[in-house]
Amino acid sequence: MKVCVVGGAGFIGSHFTDRLLADAGIDLVTIYDNFSSGREWHFAHHLDDQRLRVIRAEVADLAELTAAMDDHDLVIHLASNPDIARAMTHPRVDFDEGTALTFNVAEAARLAGVGEILYASGSGVYGDLGELEVDEDHGPLIPTSTYGASKLAGEALLSSYAAMFGISASVFRFGNVVGPRQTHGVGFDFIRRLRRKPEVLEILGDGCQSKSYIHVDDVVEAVLAMRASRQKPFEAFNVATGDYITVTEIALLALQVLDLTEDTTELRYSGGDRGWKGDVPIVRLSTDRVRARGWSCKRNSEEALLASMRSLIDDDQLGRLTS
Ligand code: NAD
């Protein structure tokens, strides 16, 4: 079994690499990454493993990508712009670093003869639905960010490639993913800023934004379990914990992790119901489908966030990020 992980040097990709290389049934893991947010230290512990190959290149380079996928059985596609707010100043970013990349991944798979793609989509495909808990068959899908639009476009491209070219695809609408080697996200951001300035924590919005935070280990297991239970050539899955936590509660967890309190640190809110334009303040994802196929998460949102914030400090990941 040979697997090409596109975006494999990033946060989630490096955990797929760990999990795949721990499996004796895997013959080759190819990391294909331009290292825009990927890091070598994310996979440095595997460099002695002959089954790992690393290609530093752009997904936009179709010829290089097609050559990299040669003789592979599976593609895991994780490469995209990670910053949802960036489109406010760079409106093309999610098309160029989202939709267009997914087209190239699908096309390279077709040209290279790879039969299967697993795709990191996101809850942004649903748009802003408030407290409504959405399942995968919800419609119409009305994204409210160009990031969500690019994820939805990617899903549509993959469903069409499944029907037209026989490339099976599973698309995964993740909640917020947290864990070691995280490169962005609210808990990560709070720890980083509190380290610099413990007296005050600036919080975007009113702190009532409420979402599910899932540990990356749970994400990797869910994706591989759903792949093993495939029923149709194209399938979509929500991958989340089923519980929710607010931004203020996350701020309090960050204080706890750093041995700070509300007496030592002022929580200062920018106000408004969302952090930035395109942010969806309340996200509710049904997890019935993944649970019906036998998966359940090992950590709830609070446990996942605590584990990820502690690992940022214990492994000095913040130091490595700035070095
Ligand atoms: P990440 O930024 O750590 O990983 C993305 C990787 O893709 C990086 O290594 C980056 O260098 C690489 N990359 C980006 N553009 C590329 C290009 N043009 N060519 C080659 N490589 C490129 O992000 P992540 O958190 O690991 O997310 C992985 C995927 O999961 C993304 O598609 C993201 O949208 C999706 N996702 C993430 C979350 C989350 O909370 N982290 C939630 C939902 C969906």
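Residues numbered from 1 in each chain as written. Predicted model: local features only at pLDDT ≥ 70, side-chain atom pairs only at ≥ 80, totals over all residues. Heavy atoms only, no water.

Regarding the packing of aromatic side chains
Moving on, step 1. Overall, the coordinates contain five aromatic pairs when judged by the stated rule.
Moving on, step 2. Ring geometry for Tyr-161 and Phe-165: centres 4.8 Å apart, planes at 55°, overall tilted. Of this pair, Tyr-161 and Phe-165 both sit in helix H4 (residues 146-165), four residues apart, roughly one helical turn.
Moving on, step 3. Residue classification places Phe-165 among the partly exposed positions, given a relative accessible area of 39%.
Moving on, step 4. Of the aromatic side chains, those joined through ring pairs into one cluster are Phe-103, Tyr-161 and Phe-165.
Moving on, step 5. Above the plane of the ring of Tyr-244 lies Arg-284, whose end atom (NZ or CZ) is 4.1 Å from the centre. (Phe/Tyr/Trp six-rings, centres within 6.5 Å; stacked < 30°, edge-to-face > 60°. Helix = DSSP H or I, 4+ residues; strand = E, 2+ residues; numbered from the N terminus. Buried < 20%, exposed > 50% of the residue type's maximum accessible area, 1.4 Å probe, protein only. Lys NZ or Arg CZ within 6 Å of the ring centre and 35° of its normal.)

Comments concerning the sheet that holds strand E1 (residues 2-6)
Moving on, step 1. The strand order E3-E2-E1-E4-E5-E6-E11 describes an open sheet built from seven strands, whose pairing is parallel. Only two strands of the sheet have a single neighbouring strand rather than two, namely strand E3 (52-56) and strand E11 (234-239). Put simply, the sheet's adjacent strands are angled 15° from each other on average, direction ignored.
Moving on, step 2. With seven bridges connecting them, strand E5 (residues 116-122) and strand E6 (residues 168-174) associate as parallel partners. Bridge pairing in E6 places Leu-118 opposite Ser-170.
Moving on, step 3. The sheet strands contacting helix H1 (residues 11-21) are E1, strand E2 (28-33), E3, strand E4 (74-77) and E6, and the helix crosses E2 at an angle near 170°.
Moving on, step 4. Seen against the sheet, helix H6 (residues 216-228) touches E4, E5, E6 and E11 and runs at an angle of roughly 150° to E6. (Pairing = 2+ DSSP bridges. Axes fitted to C-alpha atoms, helices over the stretch in contact; angles between N-to-C directions. Contact = heavy atoms within 4.5 Å.)

Some details on the site of the ligand
Moving on, step 1. Not every one of the 30 residues close to the ligand is listed here, only the nearest: Ile-12, Asp-33, Ser-37, Tyr-147 and Val-177.
Moving on, step 2. Glu-58 is positioned such that a nitrogen or oxygen atom in its side chain is 3.3 Å from a nitrogen atom of the ligand.
Moving on, step 3. Within the complex, 95% of the 820 Å² of free accessible area of the ligand lies under protein.
Moving on, step 4. When residues of the shell around the ligand are traced back to their parent elements, those giving at least two are H1, helix H3 (93-112), E5, H4 and strand E7 (176-178).
Moving on, step 5. Its residues assigned to classes, the shell around the ligand shows 14 nonpolar, 12 polar and four charged. (Near = heavy atom within 4 Å. Polar contact = N/O pair within 3.5 Å; in protein donor to acceptor, adjacent residues only side chain to side chain. Areas by Shrake-Rupley, 256 points an atom, 1.4 Å probe, with all protein chains shown as cover. Nonpolar A, V, L, I, M, F, W, Y, C, P; charged D, E, K, R; others polar.)

A word on the pattern of salt bridges
Moving on, step 1. Within the structure shown, the criterion is met by 21 salt bridges.
Moving on, step 2. Here Glu-116 ties to Arg-227 by a salt bridge, and the two come within 2.9 Å at their closest N and O atoms. Within this pair, whereas Glu-116 is found in strand E5, its partner Arg-227 is found in helix H6, the two being separated by 111 residues in sequence.
Moving on, step 3. The buried category is assigned to Glu-116, whose relative accessible area is 10%. (Salt bridge = Lys/Arg side-chain N within 4 Å of Asp/Glu carboxyl O.)

So, to be careful, I would describe these as geometric facts and stop short of saying anything about function.
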